[in-house]
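# Commentary on secondary and tertiary structure
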Amino acid sequence: MASARRHPAALALATCLMLSLSLSLVFFYAPLEAQEGFLQKIFYLHVPLAIITLCGFVVGGLMGIQHLRTRDDRWDLRSYVAIHMSLIFGVAALITGSIWAKGSWGHWWVWNEPTLVSFLIIMLLYATYQPLRFAIEDRERQARYASVFAITAGAFVPMNFIAVRLTPSYVHPRVLSSSSNLPASMGLTFVVSLIAMTLLFITLWQYEIRAKQARFALRALRARMDAAEGLSARPGSERSWVTGAGATEGPPPKQPAAEALST
Amino acid sequence: MSARTSVPQRTQPHVLKATGQARPLAGARSELEPHAPTANPRVAPGFGGALRALLRKELLVELRTLESVPGMSLFAVSVFVVFHFALNRASIDGDLAAGVLLVTLLLASLLGINRLFVADAEQGGFDGFLLAPVNPTALLVAKALALIGYLLVLELVAVPAFALLLLGTSLWPALPGLIAVLALADLGVATAGTLVSTLAVRTRARDLLGPLLALPLLIPVVIGSSNAISPLLAVHPPALGAWLTGSAARWLVLLALYDLVFGLIVYAVFDFLLED
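Model, not experiment: these values are computed from the prediction.

### A few points about the overall build of chain A
Broken down by element type, chain A carries 9 helices and 0 strands. In chain A, the succession of α and β elements from N to C terminus is α-α-α-α-α-α-α-α-α. A total of 263 residues make up chain A; the buried ones form 49% of that total. Within chain A, residue pairs in contact and separated by at least 24 positions form 76% of the contacts whose partners lie at least 6 positions apart. Carbon and sulfur atoms form 66% of the exposed surface of chain A, whose accessible area is close to 12,800 Å².

### Focus on the overall build of chain B
Looking only at helices and strands, chain B has 13 helices and 0 strands in total. The linear arrangement of helices and strands in chain B, starting from the amino end, is α-α-α-α-α-α-α-α-α-α-α-α-α. A buried classification covers 46% of the 276 residues belonging to chain B. Expressed as a percentage of contacts within chain B between residues at least 6 apart in sequence, the contacts between residues at least 24 apart total 82%. Accessible area of chain B: about 12,700 Å², with a carbon and sulfur share of 67%.

### Here's the deal with the nonpolar core
Grouped together as the largest cluster of nonpolar side chains are 125 residues, with contacts concentrated most on Phe57(A), Tyr126(A) and Phe162(B). Ignoring sequence-local partners within four residues, the contact set of Phe57(A) consists of Ile83(A), Ser86(A), Leu87(A), Ile122(A), Met123(A), Tyr126(A), Gly154(A) and Val157(A). Listed in part, the 9 residues of the second largest apolar core include Ala30(A), Phe43(A), Trp100(A) and Met186(A).

### Focus: a nonpolar patch on the surface
Residue and element names in this part refer to chain A. A contiguous nonpolar patch, built from Leu23, Phe27, Phe28, Leu32 and Phe38 and spanning about 620 Å² of accessible area, is present on the exposed surface. In this structure, Phe28 sits in helix 2 (residues 8-29). Using a relative accessible area of 74% as the deciding quantity, one classes Phe28 as exposed.

### Focus on the pattern of salt bridges
Opposite charge on two side chains permits them to pair, given that their charged atoms come into close proximity. All names here are of chain B. Scanning all chains against the criterion turns up 16 salt bridges over all chains. Residues Lys143 and Glu58 are paired through a salt bridge, measuring 2.6 Å at the closest nitrogen-oxygen approach. Here Glu58 lies in helix 4 (residues 47-65) and Lys143 lies in helix 9 (residues 136-165), a separation of 85 residues in the sequence. Since its relative accessible area comes to 1%, Lys143 is described here as buried. A salt bridge links Arg206 to Glu122; the nearest nitrogen and oxygen atoms lie 2.6 Å apart. Pair noted here: Arg206 is in helix 11 (residues 206-229) and Glu122 is in helix 7 (residues 118-122), with a separation of 84 residues, a long-range link.

### Digging into the interface of chain A and chain B
Often, the extent of an interface is quoted as the loss of accessible area upon association of its parts. If you look at the interface, chain A gives 30 residues, while chain B gives 32 residues. Roughly 2,900 Å² is buried in total at the junction of chain A and chain B, and carbon and sulfur atoms are behind 71% of that figure. Run the count over chain A and chain B and you get 3 salt bridges. A salt bridge links Arg71(A) to Glu275(B); the shortest N-O distance between them is 2.7 Å. Linking chain A with chain B are 7 residue pairs in polar contact (both at pLDDT 80 or more), by the criterion used here. When residues of the side of chain A that touches chain B are assigned to their parent elements, the largest contribution, 15 residues, is made by helix 7 (residues 139-166) of chain A.

### Thoughts on the environment of Ala268(B)
For Ala268(B), the location among the structural elements is in helix 13 (residues 248-269). Taking the C-alpha atoms as reference points, Ala268(B) and Leu102(B), 166 residues apart in sequence, are found 29 Å from one another.

### Remarks on the confidence of the model for chain A
All names here are of chain A. When pLDDT is averaged along chain A, the result is 82, and 79% of the positions lie at 70 or above. Averaged pLDDT values for the elements of chain A fall to 50 in helix 8 (residues 175-178) and rise to 94 in helix 3 (residues 43-70). Of the regions scoring below 50 in pLDDT, residues 237-263 engages in 51 contacts with residues more than four places distant in sequence or in other chains.

### What about empty space enclosed by the protein?
Residue and element names in this part refer to chain B. The final tally for this structure, using the stated rule, is 1 cavity of 30 Å³ or more. The wall of the largest cavity is formed by 14 residues, among which Leu102, Leu105, Leu106, Ala185 and Val189 lie closest to the centre. Every element with two or more residues in the lining of the largest cavity is listed here: helix 6 (94-115), helix 9, helix 10 (175-201) and helix 11.

### Looking at the environment of Ser247(B)
All names here are of chain B. Mapped onto the elements of the fold, Ser247 is located in the loop between helix 12 (240-245) and helix 13. The exposure class assigned to Ser247 is partly exposed, which follows from its relative accessible area of 43%. C-alpha separation for the pair Ser247 and Gly188, spaced 59 residues apart in sequence, amounts to 20 Å.

### Quick look at the packing of aromatic side chains
A complete count under the given rule lists 13 aromatic pairs over all chains for this structure. Ring pairs connect the aromatic residues Phe57(A), Tyr80(A), Tyr126(A), Tyr129(A) and Phe149(A), which therefore count as one cluster. Across from the ring centre of Trp75(A), 4.5 Å away, lies the NZ or CZ of Arg78(A), which sits over that ring. Here Arg202(B) stacks its cationic end above the ring of Phe126(B), 4.5 Å away from the centre of that ring.

### Points about the side chain of Arg202(B)
With respect to the secondary-structure elements, Arg202(B) resides in the loop between helix 10 and helix 11. Of the residues examined, Arg202(B) reaches a relative accessible area of 16% and is grouped as buried. With near-sequence residues (within four places) excluded, Arg202(B) lies in contact with Arg141(A), Tyr145(A), Ala121(B), Phe126(B), Leu273(B), Leu274(B) and Asp276(B).

### Concerning the packing of helix 10 of chain B against helix 11 of chain B
Residue and element names in this part refer to chain B. Axis separation between helix 10 and helix 11 bottoms out at 9 Å; the angle between their running directions is 160 degrees. Between helix 10 and helix 11, the crossing angle belongs to the class labelled roughly antiparallel. Remark: the crossing between helix 10 and helix 11 carries right-handed chirality. Touching Leu178, Val181, Leu182, Ala185, Gly188, Val189, Ala192, Val196, Leu199, Ala200 and Val201 of helix 10 are Arg206, Leu209, Gly210, Leu213, Ala214, Leu217, Leu218, Val221, Ser225, Ala228 and Ile229, all from helix 11.

### Describing the environment of Gly168(B)
Residues and elements named next belong to chain B. Within the secondary structure layout, Gly168 lies in the loop between helix 9 and helix 10. Assessed through its relative accessible area of 46%, Gly168 is described here as partly exposed. Along the chain, Gly168 and Ala214 lie 46 residues apart, while their C-alpha atoms are 31 Å from each other. In this structure Gly168 touches Ser91 and Ile92, once residues within four positions along its chain are discounted.

Conventions adopted
- The residue count restarts for each chain, going from 1 along the sequence in the order it is written.
- All chains are assigned letters beginning with A, and all ligands numbers beginning with 1, in the order in which they are written.
- The predicted nature of this model means local features are confined to residues of pLDDT at least 70 and side-chain atom pairs, given and counted, to a pLDDT of 80 or more, with totals for whole chains, interfaces and linings taken over all residues.
- Hydrogens and waters are ignored; side-chain quantities use all the structure's heavy atoms.
- Helix and strand definitions follow DSSP, with helices as H or I runs of at least four residues and strands as E runs of at least two, each counted in order from the N terminus.
- Accessible area is worked out with a 1.4 Å probe on protein chains only. A residue is then buried under 20% of its type maximum, exposed over 50%, and partly exposed in between.
- The contact criterion used throughout is that any non-hydrogen atoms of two residues lie within 4.5 Å.
- Note on areas: these come from Shrake-Rupley sampling with a 1.4 Å probe, and a residue is covered only by the protein chains present in the view.
- The term nonpolar core refers to a set of buried residues drawn from Ala, Val, Leu, Ile, Met, Phe, Trp, Tyr and Cys, joined through side-chain atoms within 4.5 Å.
- Only residues whose relative accessible area exceeds 30% and that form no salt bridge enter a patch; like-charged residues are grouped when within 9 Å of one another, and nonpolar side chains (Val, Leu, Ile, Met, Phe, Trp, Tyr) when within 5 Å.
- Just to be clear on terms, a salt bridge is a Lys or Arg side-chain nitrogen sitting within 4 Å of an Asp or Glu carboxyl oxygen.
- Accessible area that two parts lose when put together, with a 1.4 Å probe and added across both, is what the buried area reports.
- Polar contact criterion, stated in full: a pair of N or O atoms within 3.5 Å, where within protein one must be able to donate a hydrogen and the other to accept it, and residues adjacent in sequence count only if both atoms are side-chain atoms.
- As a per-residue quantity, pLDDT reports the predictor's confidence and falls between 0 and 100.
- Put plainly, a pocket is an open set of points on a 1 Å grid over the protein atoms alone with protein on both sides within 12 Å along at least five of seven lines, a cavity is a set where a 1.4 Å probe fits but cannot get out, and a lining residue has an atom within 4 Å of a point.
- Grid points are joined across faces, edges and corners, and a volume is the space filled by probe spheres set on the points.
- Note on aromatic pairs: the rings of Phe, Tyr and Trp (six-membered ring only in Trp) are paired at centre separations within 6.5 Å, and the planes decide the class, stacked below 30 degrees, edge-to-face beyond 60, tilted for the rest.
- For a ring to carry a charge above it, either NZ of a lysine or CZ of an arginine must fall within 6 Å of the ring centroid while also lying within 35 degrees of the normal to the ring plane.
- All axes are obtained by fitting lines to C-alpha atoms, using only the stretch in contact for helices, and the reported angles, taken between N-to-C directions, cover 0 to 180 degrees.
- Orientation categories follow fixed angle ranges, with anything under 35 degrees roughly parallel, anything over 145 roughly antiparallel, 65 to 115 roughly perpendicular, and all other angles oblique.
- By definition, any crossing whose near helix is turned counterclockwise from its far helix by less than a right angle is left-handed, and any crossing with a clockwise turn is right-handed.

As structure tokens, then:
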């Protein structure tokens, strides 16, 4: 991970190679499934997306624990970006899952399927993460409350799966228990797809963190420049890195915003 | 002026929990104890004393203002009437009855959850609590117990009203099982509800965020309780023993597991919400 942080381009290149390899395997190596035919290929996209989403939520919770333990704002940033990325991956998993369900079961949504339902509940819960975060103005409290949410929701993910899985299941394949029954060629393609999706997640996570850090640095430089020129600081330059795009009203900042966030 | 400036510097709560101390002043208390009686107001109360005082305050405020419980009960009865017209049914039983009862209780409990910390946030209750040398967990337990109390009163009104207005079968055979399920569900709603209420109360959009956060978190409670209750409200309900040894057992275990896990999570994170 440390080397990936120093060489983001190498990580991006490895991700591109793995994604190309996994798509090649999906389309040219893995055999056509007997019942579903070509439609089954979406399995290699949908299942890794869903697994990475859930792992991202849990990892976001672990980073929240780390933030509350160390009070280091970088852990809050990492947790925020992990949850943000997982939400995007989760929406993609829901869409691909719906397409698969329509093709294979004839319905866009199937209620008697615990895996789908529990995934939707988790997405609904995490959809409140950003509204909660942005509704708190104080920077320090915002980070603390977001971490508490990340921990609670991260623990809720496995519990929710247990609760929903207790209800009788009818149609959804048990991926983690049934993947061992896959033919070797399908299993290999699935594992490569999972690795490629993990790399994609890590790469995007790294780049978003870098983008946010660059934005803080720019704000700090602007604030310093304004102070040096004796100008009144621009409204909004004190904004915290997650309080949204709107300019804040009120008195000019007393100190550069970026000093509050040790990046 | 922000509340933080008026609050004296405190040791981090997670450090306190690890060392077993309640607050910095708790150390001073042990020195004072041999010389001063516990009734002395200058001496910091222990956990039990703080809990009693906070719970008494909660119930007294509710008794004097009547802000939560009457509203919740009236809301539940109104929702039954709405369900009657929306479903266009004079009486219901089985799955449908369990669903209507639980959805109504859940929506009514959201009203209580939303109001749980409003007075503390608006009238300086948090500041007062932070200045007092007591364990923050006492506030969590007191609020959760108060919420359980509100839910019990709500159910004392809502369940008979449901039996009178909508239920197509007799309530009596179902009552012992219903009480057991609702008790476990109340514990889960109170624990998760206290956390949600604390999270939402000091945000800009608390009226919106409270229900948005609470509903997905409480879905396992709804799954467990509605599955456990629905055979009891059927036209031919099973005997209590058969119900317990049948499918209900795993739903009761699920509810108990939810209560336990959420209790531990909320206990672990609650202090971090009370730092300013």
